[in-house]
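# Descriptive analysis of the structure
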Amino acid sequence: MHTRQLFDLSGRVAIVTGGSIGLGRQMAQGLAEMGANVVLCARKKERCEAAAAELRSLGVKAMALGCDVKDPASVKDVVDATVAEFGRIDVLINNAGTSWGAPVEEMRLEHWNKVLETNLTGTFLFSQAAGKVMIGQRKGKSSTSRRWRGFVALRLNFRRSVITRARAGVIAFTKDLACKWGVHNIQVNAIAPGWFPTNMSQVVIERNKDYFLQRIPAHRFGGDDDLKGAAVYLASSASDYVTGDVLVVDGGQTA
């Protein structure tokens, strides 16, 4: 197969959770630019609708759906709607996530649970629901996007212990699924972005800009195109022999 064909996503169907803004939006854009039909879902459906309209201008189909990744019924509705519209699910990108900052000794249980339920349980629920479809197809690609802080503890006092735990859990879950679903021809990987200015990270970046840049060999933060390639690679036939991996996109910060 020609290399261009390996990366071609024409006609494939991808679900991107949290795909209306930020990193999810960038990854959805990359998939659509390579020909994939995209289903965007997030709590704020109106944001998904605006993003989907922009993606349709690329000549692909795009659906916008409201979804709470913590709710099994809501997740099932998205998967069912996707199959009803397109007949299949080729790619899942678990990107929806939330954040909460507080010292461990002061964090309230409801805040701890909110982060874990969104970032970890939400990944499980969508992987489970979409995975059933992919197993029936005997083919699929599942990727989860979680920042690299799942690998290391932060040296700065960001007070985000629960996020680090959730991301470490996602990495372990990714590797476990890769082992279990390899027999079904499903590749399961994770993307670990570094510091990209988004609604969720902008304040932290602004407060610690010089500290971060001193520790990023590329001497810059992630840009509007820097995550597209990773998302397309893990969604395409080019990664058919790659599973259980965590692709770090951080300008060298964890090197």
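Residues numbered from 1 in each chain as written. Predicted model: local features only at pLDDT ≥ 70, side-chain atom pairs only at ≥ 80, totals over all residues. Heavy atoms only, no water.

## Considering the packing of helix H2 (residues 22-33) against helix H9 (residues 228-235)
For clarity, the cut-off: Interaxial angles span 0 to 180 degrees and are taken between N-to-C directions of axes, which are lines fitted to C-alpha atoms, for helices over the stretch in contact. Elements are defined by DSSP. Helices are runs of H or I of four residues or more, strands are runs of E of two residues or more, and each kind is numbered from the N terminus. Should an angle fall under 35 degrees it is called roughly parallel, over 145 degrees roughly antiparallel, and 65 to 115 degrees roughly perpendicular, with every other angle called oblique. By definition, turning the near helix anticlockwise from the far helix through less than a right angle yields a left-handed crossing, and turning it clockwise yields a right-handed one. In this description, contact between two residues means that some pair of their heavy atoms is separated by no more than 4.5 Å. The residue classification treats Ala, Val, Leu, Ile, Met, Phe, Trp, Tyr, Cys and Pro as nonpolar and Asp, Glu, Lys and Arg as charged. All others, Gly included, are polar.
Running from N to C, H2 and H9 cross one another at 55 degrees; their axes reach a closest spacing of 8 Å. Accordingly, the angle class assigned to the pair H2 and H9 is oblique. Both H2 and H9 take part in a crossing whose hand is right-handed. In this structure, H2 uses Gln 26, Met 27, Gln 29, Gly 30, Leu 31 and Glu 33 to contact H9, whose residues at the interface are Lys 228, Ala 231, Val 232 and Ala 235. Residues belonging to the contact of H2 with H9 are distributed by class as follows: 5 nonpolar, 3 polar and 2 charged.

## Some words on the side chain of Ser 20
Applied cut-off: Only protein chains enter the accessibility calculation, which uses a 1.4 Å probe; a residue is then buried when its area is under 20% of its type maximum, exposed when over 50%, and partly exposed in between.
Residue position: Ser 20 is located in the loop between strand E1 (13-17) and H2. A relative accessible area of 9% means that Ser 20 is categorised as buried.

## What to know about the packing of aromatic side chains
Using the following cut-off: The rule is short: rings of Phe, Tyr and Trp, with Trp giving its six-membered ring, pair when the centres are within 6.5 Å, and they are stacked under 30 degrees, edge-to-face over 60, tilted in between. Lysine and arginine charges are scored as sitting over a ring when NZ or CZ, respectively, is within 6 Å of the ring centre and within 35 degrees of the ring normal.
Under the criterion given, the structure shown has 4 aromatic pairs. Judged by centre distance (4.3 Å) and plane angle (20 degrees), the ring pair of Trp 195 and Phe 212 falls under stacked. Of this pair, Trp 195 sits in the loop between strand E6 (186-193) and helix H7 (202-207) while Phe 212 is found in helix H8 (residues 209-214), placing the two residues 17 residues apart along the sequence. Across this residue pair, the class does not change: Trp 195 and Phe 212 are buried. Centre to centre, the rings of Tyr 211 and Phe 212 are 6.0 Å apart; their planes meet at 70 degrees, and the pair counts as edge-to-face. In this structure Tyr 211 comes out as partly exposed when scored by relative accessible area, which is 26%. Assessed through its relative accessible area of 2%, Phe 212 is described here as buried. Aromatic ring contacts, followed pair by pair, group Trp 195, Tyr 211 and Phe 212 into a single cluster. The lysine or arginine in question, Arg 215, covers the ring of Tyr 211, its NZ or CZ lying 3.7 Å from the ring centre.

## Section: the nonpolar core
Filter applied, for reference: Residues enter a nonpolar core if they are buried and are Ala, Val, Leu, Ile, Met, Phe, Trp, Tyr or Cys, with the set joined through side-chain atoms within 4.5 Å.
The biggest cluster of nonpolar side chains holds 30 residues, and the ones touching the most others in it are Leu 31, Val 38, Leu 40 and Ile 191. Only E1, H2, strand E2 (37-42), helix H3 (45-56), strand E3 (62-66), strand E4 (91-94) and H9 provide two or more residues apiece to this core. Sequence-distant contacts of Ile 191, defined by excluding residues within four places in its chain, comprise Met 27, Thr 144, Ser 145, Arg 146, Leu 227, Ala 230, Ala 231, Leu 234, Leu 247 and Val 249. Ile 89, Leu 92, Leu 125 and Ala 178 belong to the second largest nonpolar core, which has 26 residues in total.

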